[in-house]
Amino acid sequence: MASPSRRLQTKPVITCLKSVLLTYTFVFWVSGIVLLAVGIWGRVSLAVYFSLLDEKATNVPFVLVGAGTVVVLLGTFGCFATCRGSTWMLKLYAMLLSLIFLIVLVAAIVGFVFRHEIKTNFESNLNLALKNYNVTADRHSEAVDTIQSTLHCCGVQNYSDWERTEYFSQRGIPRSCCKNQNDCSEEDLKDPNKAKLKVFVDLIGIVLSCCLSRYITNNQYEMV
């Protein structure tokens, strides 16, 4: 049996460890809430983008919601185990945390390794959606319109991508590319020379970004 003096020395250490573990567990619990929120937001707001990926990619929001739920439950269990001071519960919590860490590590490595494949897959599916684009209630066509109007872009690389589609030969560039819907006639959209002045052009954003970066850099040098 430990002496009273030994107990007095150990108690502050236990209290300190409990405080640190509770703080960590709270942060862990909050991260679960964030995962839940991102999963729900992805399901509601980003469904149109996932529709242009493989069928497996559409399950990503559900995976995030599931992971967030597990993290929240595990964080709640960790707080209870820490406050209770149960040794077996703390050991179980440590094992589950180790498992979660390994899963996250593997997922991060897989995501990093296949990041280019994801981008390539999205671009190829977007090109295919442009090729098969029509004005009917087609899921991929609606996705193209939503992406172009929301992100203020036109085509995969630029508006000229539409010139190689069957839709362009019939009706020109889609109206979802127009910067101003009131100043964008069908005749303008059928003429590439006129359309480039009416539709979103990514080059403008690139030039403005470079100019802003240059001015900020020059201003920093002047301040030094």
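Values in this document were obtained by computation on a predicted structure and should not be read as measured data.

S.K.: So what's going on with the layout of surface pockets? Which residues, and what values?
M.R.: Within this model, the second largest pocket holds a volume of roughly 190 Å³. Listed by contribution, the elements that provide at least two residues to the lining of the second largest pocket are helix 3 (60–84) and helix 4 (87–113). Of the residues belonging to the lining of the second largest pocket, the class tally is 9 nonpolar, no polar and no charged.

S.K.: Got a sec to walk through helix 6 (residues 139–151)? Specific residues and values, please.
M.R.: When the terminal C-alpha atoms of helix 6 are compared, their 18 Å separation across 13 residues agrees well with the 18 Å that a helix rising 1.5 Å per residue should span. If you check which residues of helix 6 are buried, you get S141, A143, V144, I147 and Q148. Mapping the buried residues of helix 6 onto a view down its axis gives an arc of 160°, with all of them on the same face. Looking at the buried residues of helix 6, the elements they touch are helix 2 (47–50) and helix 5 (115–131). Of the residues one or two after helix 6, H152 is the one with positive phi, at around 55°.

S.K.: So what about the state of the cysteines? Which residues, and what values?
M.R.: Scanning all chains against the criterion turns up 1 disulfide. Across the disulfide, C154 is cross-linked to C177 (sulfur-sulfur distance 2.2 Å). Disulfide C154-C177: the torsion about the S-S bond is 90°, which places it as right-handed. Placement of C154 in the loop between helix 6 and helix 7 (166–171) and of C177 in the loop between helix 7 and helix 8 (186–190) is noted, with a sequence separation of 23 residues between them. No disulfide involves C83; its nearest neighbouring cysteine sulfur is the one of C79, lying 6.4 Å away.

S.K.: I'd like a description of the confidence of the model for the protein, backed by residues and values.
M.R.: Across the protein, pLDDT averages 75, with 77% of residues at or above 70. Helix 3 holds the highest mean pLDDT among the elements of the protein, 85, whereas helix 10 (residues 202–223) holds the lowest, 50. Predicted confidence is poor over residues 203–208, with pLDDT under 50, and the contacts of this stretch with residues over four places away or in other chains come to 0 contacts. In the predicted structure, residues 220–224 sits below a pLDDT of 50 and forms 0 contacts with residues beyond four places in sequence or in another chain.

S.K.: Any details on the nonpolar core? Residues and values, ideally.
M.R.: Ranked by internal contacts, the top residues of the largest apolar core, which has 22 residues, are L52, L126, L130, V144, C154, W162 and I173. Counting only elements with at least two residues in this core, the list comes to helix 2, helix 5, helix 6 and helix 7. V71, L74, L97 and I100 belong to the second largest nonpolar core, which has 6 residues in total.

S.K.: Just give me the short version of the packing of helix 5 against helix 6, but keep the residues and values in it.
M.R.: When two helices pack together, their arrangement is given by the angle between the helix axes and the distance between those axes. Interhelical geometry of helix 5 versus helix 6 gives an angle of 110° and a closest axis separation of 9 Å. In terms of orientation, helix 5 lies roughly perpendicular with respect to helix 6. Here F122, L126, A129 and L130 of helix 5 lie close against helix 6, whose contacting residues are H140, V144 and I147. In terms of residue class, the contact of helix 5 with helix 6 is built from 6 nonpolar, 1 polar and no charged.

S.K.: Can you tell me about the packing of helix 3 against helix 4, naming the residues and giving the values?
M.R.: Running from amino to carboxyl end, helix 3 crosses helix 4 at an angle of 150°, the nearest separation of the two axes being 9 Å. Looking at the two axes, helix 3 sits roughly antiparallel to helix 4. For the crossing formed where helix 3 meets helix 4, the hand is left-handed. Taking contact as the criterion, the partners of V70, L74, F77, G78, F80, A81 and T82 in helix 3 are, on helix 4, M89, L90, L92, Y93, L96, L97 and I100. Tallied by class, the residues present in the contact of helix 3 with helix 4 amount to 12 nonpolar, 2 polar and no charged.

Thresholds applied
- Per chain, the residues get numbers from 1 upward, laid out in the order the sequence is written.
- Totals for whole chains, interfaces and linings use all residues, but because this is a predicted model, local features are given only for residues with pLDDT of at least 70 and pairs of side-chain atoms are given and counted only at 80 or more.
- Where side-chain values are given, they derive from all heavy atoms of the structure, hydrogens and water being excluded.
- Using only the protein atoms, space was sampled on a 1 Å grid; points where a 1.4 Å probe fits but cannot get out form cavities, open sets with protein on both sides within 12 Å along at least five of seven lines form pockets, and lining residues are those with an atom within 4 Å of a point.
- Grid points are joined across faces, edges and corners, and a volume is the space filled by probe spheres set on the points.
- Runs of H or I in DSSP of at least four residues are treated as helices and runs of E of at least two as strands, each being numbered from the N terminus.
- Three categories are distinguished: nonpolar for Ala, Val, Leu, Ile, Met, Phe, Trp, Tyr, Cys and Pro, charged for Asp, Glu, Lys and Arg, and polar for the others, with Gly belonging to the last.
- By this rule the span expected of a helix is its residue count minus one, scaled by 1.5 Å.
- A 1.4 Å probe rolled over the protein chains alone gives each residue an accessible area, and that area as a share of the maximum for its type sets the label: buried under 20%, exposed over 50%, partly exposed in between.
- The arc in question is the one traced by the directions running from the helix axis out to the C-beta atoms.
- Contact definition: two residues touch when any of their heavy atoms are within 4.5 Å.
- By convention in this document, the label disulfide applies to cysteine sulfur atom pairs within 2.5 Å.
- pLDDT is a residue-level measure of predictor confidence that goes from 0 to 100.
- In these notes, a set of buried Ala, Val, Leu, Ile, Met, Phe, Trp, Tyr and Cys residues joined through side-chain atoms within 4.5 Å is what counts as a nonpolar core.
- To get an axis, a line is fitted to the C-alpha atoms, and for a helix only the part in contact is used. The angle between two axes follows their N-to-C directions and goes from 0 to 180 degrees.
- The scheme is simple: roughly parallel for angles under 35 degrees, roughly antiparallel for over 145, roughly perpendicular for 65 to 115, oblique for anything else.
- Crossing handedness is defined as follows: a turn of the near helix away from the far one that is anticlockwise and smaller than a right angle gives a left-handed crossing, while the clockwise case is right-handed.

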